[in-house]
Amino acid sequence: MSPPHSAIDPLRFREALGHFASGVTVITSLVDNEPIGFTCQSFYSVSTNPPLVSFSVMSSSYSYPKIRRAGRFAVNILSDEQARLSSQFARQGADKWLGVEWQASPLRNPIIGGSLHWLDCEIHAEHAVGDHLIVIGEVKALNRQETAATQPLLYFKGQYRDLAAHGAG
């Protein structure tokens, strides 16, 4: 155990956090008729009444300022069949939407085809913390997608993982 005031090595910190399995989402919005999106593992529920969810994003994000301007976003919960899509939306500079099928949500956010579920949100609050922003959204609509996939896309120790391969199906 480290003394309370010791410096934490960023690489060791990142490695430690990699031991926490997380689901994978793509946060999307539509700004000036242009779909915007990025891969996000730091998504979680906040409250059921009112229905609030949250995600964290780097303060230096290219995509998030556009989403902030729109004032709304969708959370696309990815299936285990969407690892390639997750990697595609994690890159900067590339055409993230190349070959991606999507439709507009009730709030006009892009809903990615094949995702397990989606939540349509309006930005409720934003907090600057360290090198990230914590964004809280109020869920205005949600729905399960019609898809053959039944398992979530999971990320653990720097890799995508398959629940079924480990007997958890």
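Thresholds, definitions, all that
Residues numbered from 1 in each chain as written. Predicted model: local features only at pLDDT ≥ 70, side-chain atom pairs only at ≥ 80, totals over all residues. Heavy atoms only, no water. pLDDT = per-residue confidence, 0-100. Helix = DSSP H or I, 4+ residues; strand = E, 2+ residues; numbered from the N terminus. Pairing = 2+ DSSP bridges. Axes fitted to C-alpha atoms, helices over the stretch in contact; angles between N-to-C directions. Buried < 20%, exposed > 50% of the residue type's maximum accessible area, 1.4 Å probe, protein only. Salt bridge = Lys/Arg side-chain N within 4 Å of Asp/Glu carboxyl O. Core = buried A, V, L, I, M, F, W, Y, C linked by side-chain atoms within 4.5 Å. Contact = heavy atoms within 4.5 Å. Lys, Arg positive; Asp, Glu negative; His and termini not counted. Polar contact = N/O pair within 3.5 Å; in protein donor to acceptor, adjacent residues only side chain to side chain.

### Focus: the confidence of the model for the protein
Then step 1. Residues of the protein with pLDDT of at least 70 account for 92%, and the chain-wide mean is 89.
Then step 2. By mean pLDDT, strand β12 (residues 159–161) is the weakest element of the protein at 80, and strand β6 (residues 72–77) is the strongest at 98.

### Structural notes on the sheet that holds β6
Then step 1. Within the open sheet, the seven strands sit side by side as β3-β2-β6-β9-β10-β5-β4. Their pairing is antiparallel. The open sheet has two free edges, formed respectively by β3 (34–40) and β4 (43–48), since each of these has just one partner strand. The sheet shows a mean angle of 35° between the axes of neighbouring strands, direction not considered.
Then step 2. Looking at chain direction, strand β9 (residues 117–129) and strand β10 (residues 132–144) are connected through twelve bridges and run antiparallel.

### What about the environment of Pro106?
Then step 1. Mapped onto the secondary structure, Pro106 falls in the loop between β7 (102–104) and β8 (110–112).
Then step 2. What makes Pro106 exposed here is its relative accessible area of 60%.
Then step 3. Taking the C-alpha atoms as reference, Pro106 lies 18 Å from Val53; in sequence the two are 53 residues apart.

### Focus on the pattern of salt bridges
Then step 1. Here the structure, examined in full by the defined rule, presents four salt bridges.
Then step 2. The partner of Arg68 in a salt bridge is Glu126, with the nearest N and O atoms 2.9 Å apart. On the criterion of sequence distance, the pair formed by Arg68 in helix α2 (residues 64–70) and Glu126 in strand β9 is long-range, its members being 58 residues apart.
Then step 3. Looking at Glu126, the relative accessible area reads 31%, which means it is partly exposed.
Then step 4. Between Glu122 and Lys140 there is a salt bridge, and its shortest N-O distance comes to 4.0 Å. Of the two residues, Glu122 is situated in strand β9 and Lys140 in strand β10; the sequence distance between them amounts to 18 residues.
Then step 5. Look at the salt bridges and you will find they share partners, linking Glu122, Glu138 and Lys140 into a network.

### What to know about unusual backbone geometry
Then step 1. With omega at 5°, the peptide bond leading from Asn49 into Pro50 counts as cis.
Then step 2. Among the structural elements, Pro50 can be located in the loop between β4 and β5 (51–58).
Then step 3. Even without a glycine there, the phi angle at Asn33 is positive, about 60°.
Then step 4. If you trace the backbone, Asn33 turns up in the loop between β2 (25–31) and β3.

### Notes on the nonpolar core
Then step 1. Judged by nonpolar contacts, the single largest core of 17 residues is most densely connected at Ile27, Phe38, Phe55, Val57, Tyr64, Ile67 and Phe73.
Then step 2. At the level of secondary structure, the elements contributing two or more residues to this core comprise β2, β3, β5, α2, β6, β9 and β10.
Then step 3. Those residues within four positions of Ile67 in sequence are excluded, and the remaining contacts are Ile27, Ser29, Val31, Ile36, Phe38, Arg72, Phe73 and Ile123.
Then step 4. Core analysis: the second largest hydrophobic core is formed by nine residues, Val26, Leu78, Trp97 and Val100 among them.

### Some words on the side chain of Arg72
Then step 1. Within the secondary structure, Arg72 is located in strand β6.
Then step 2. No salt bridge is formed by the buried Arg72; the nearest opposite charge belongs to Asp120, separated by 7.0 Å.
Then step 3. Within the structure, the side chain of Arg72 is placed 3.0 Å from the backbone oxygen of Leu30, a separation counted as a polar contact.
Then step 4. Here Asn109 takes part through its side chain, which lies 2.9 Å from a polar atom of the side chain of Arg72.
Then step 5. Setting aside chain neighbours within four positions, we find Arg72 in contact with Thr28, Ser29, Leu30, Ile67, Leu107, Arg108, Asn109, Cys121, Glu122 and Ile123.

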